[in-house]
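Descriptive analysis of the structure
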Amino acid sequence: MGEQSKQLSSQDGATQPPIALMAASLMDSLSIGVLLVNPERVLTFINGKAEELLQIGRDQVLGKRVDMLPLRSPLYKVLSENCREPLEINLQGHIVAALSYQANDPQGALLGELVELRDISRERKEKRQREEFVAMMTHDLKSPLTVMMGYLQIIKANLSPPPGERLVSYFTEIEHGAARLLGMIEDVLDSYRLEVGLLAIAKEYCDIRGLLEGCCRDNQREAAAQGVELTFTASDQLPALEVDARQLTRVFANLVGNAIKFTPDGGKVALNATCSNEVLQISVADSGIGIPARELEKVFKKYYRAEGVTGYKGTGLGLTISKAIVEAHGGTIQVDSTEGKGSRFTVTIPANGGS
C-alpha cells in the first residue's frame, strides 16, 4: 500500500487522513479489480484484486503513463482496449470481463477513467458444461428415439400381409408414446437453452391460419379420445407473419394439448384467431377444471404445476417455454381462469413478428 498511499495523500505532503486509508483498505477487499487512469492517461490507482488478476505489483506501475507500460503485459492489454461496452479478455488463462466508465469527484470534476475487472472463468466453465449437457441429451436420448421411430415406420410399410387392427393399434400407441417422450426431452432441452440464452428463433414469413389449422388437426385424435369437442375459428384476414413457425407451433400445440388434457368428457376447446390494429390475437379457451385464482400468477413458472393437476402427466415446463417463445416474438401471453369452469390463454403477437 506504500506507493498507492502516496498517490492518495494530499499534494502538500500532509499525512493521509484515516478515512482515505480506510477507503483504500476497503477497495483492496473487493472481489472485483479496480483501476483508475487520470485524464493524462497516468495510472493512479490499482486495488489488490486487479493486482491478482493482472499478476503485477502496484509499485511497478503506479504513476506510469499507459503508453509507457510493457506492450505485451495484461495491464496494457486491458487499458488499451475500449471497454465502455462490456468486453471479455483472456488474461493468464482467466476469462476477465472488463468495463470502463468516466469517474468524477463530488464537484463534478473529471477524475479519469475507472476500469472494473471481474473474473468470470467459473461462470463460463459452468455455461460450457451446460451446453455440453444439452448436446449430450440431444445425442444420447433424442437421436436414438428418432431412429427407433424411423425403423417403426419402415416395419409398418413392409409388413406383408398388412397388419391387423390390433397390431395397428399397437403401432399407433408406440408412435404416440415416442412422440410424447420426444416432446418431454425437447422441453428439458429448451429449459437449458433458455438458461444459457441459446433458444433460437429463426423467423420467416408464415401462413398463420395454416399453422393453427395444422395444430387442430394434430390434436383432433386426442380430443376425440378424450370426448372433447375441438373447434377452430378465425377472421377472414389473417396476415402472413414473419415468425418462427416451428416454435410457434410448439406454443399452440402445448396450449391446445393442455386444454384438451384438463377438460373432462363432453367438454369443449375453442381455438380462435383475430387480427386488428396490427396485432394478432389467438386464444385457446376450454370448459375444463380451471385454475384457482391464487395460482394464476405462478402458472408460467418453471416446473410449477397447480394443485388440481395431480395425476395428469407433464414436465411443468411447457408454459414457461411457451412464454419465452411468445416474448421472443415481441408478444405477450396471459391467462384468465375460473376454478371448475375453464381457462382461456390469450397470445398477442405484433403483425411484424416483433422485428
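Note that this is a predicted model, so its numbers are computed, not measured.

**Observations concerning a nonpolar patch on the surface**
- On the surface, Ile-155, Leu-159, Leu-167 and Tyr-170 cluster together to form a nonpolar patch covering roughly 340 Å² of accessible area.
- Counting through the fold element by element, Leu-159 comes out in the loop between α6 (121-158) and α7 (165-195).
- Residue Leu-159 is classed as partly exposed on the basis of its relative accessible area of 31%.

**Remarks on the sheet that holds strand β11 (residues 332-338)**
- Read across the sheet, 5 strands follow the order β7-β9-β10-β12-β11 without closing on themselves; strand pairing throughout is mixed. Among the strands making up the open sheet, the edge pair consists of β7 (229-234) and β11. Across the sheet, the mean angle separating the axes of adjacent strands is 10° when strand polarity is ignored.
- Pairing between β7 and strand β9 (residues 268-276): 6 bridges, direction parallel. Each bridged residue has a counterpart across the sheet, and for Thr-231 the counterpart in β9 is Ala-270.

**Some details on the sheet that holds strand β3 (residues 87-91)**
- Pairing in this open sheet of 5 strands is antiparallel, and the strands run β2-β1-β5-β4-β3 from one edge to the other. At either end of the open sheet lies a strand with only one pairing partner, and these are β2 (43-46) and β3. The sheet shows a mean angle of 30° between the axes of neighbouring strands, taken without regard to direction.
- Taken together, the 5 bridges between β3 and strand β4 (residues 94-104) define a ladder with antiparallel strand orientation. From the neighbouring strand, Leu-87 faces β4, where its bridge partner is Ala-98.
- Along the sheet, α6 makes contact with β3, β4 and β5 (110-119), crossing β4 at roughly 130°.

Parameters at a glance
Residues numbered from 1 in each chain as written. Predicted model: local features only at pLDDT ≥ 70, side-chain atom pairs only at ≥ 80, totals over all residues. Heavy atoms only, no water. Patch = residues over 30% accessible without salt bridge, like charges linked within 9 Å, V, L, I, M, F, W, Y side chains within 5 Å. Areas by Shrake-Rupley, 256 points an atom, 1.4 Å probe, with all protein chains shown as cover. Salt bridge = Lys/Arg side-chain N within 4 Å of Asp/Glu carboxyl O. Helix = DSSP H or I, 4+ residues; strand = E, 2+ residues; numbered from the N terminus. Buried < 20%, exposed > 50% of the residue type's maximum accessible area, 1.4 Å probe, protein only. Pairing = 2+ DSSP bridges. Axes fitted to C-alpha atoms, helices over the stretch in contact; angles between N-to-C directions. Contact = heavy atoms within 4.5 Å.

Interpretation note: all reported values are geometric properties and have no functional meaning in isolation.
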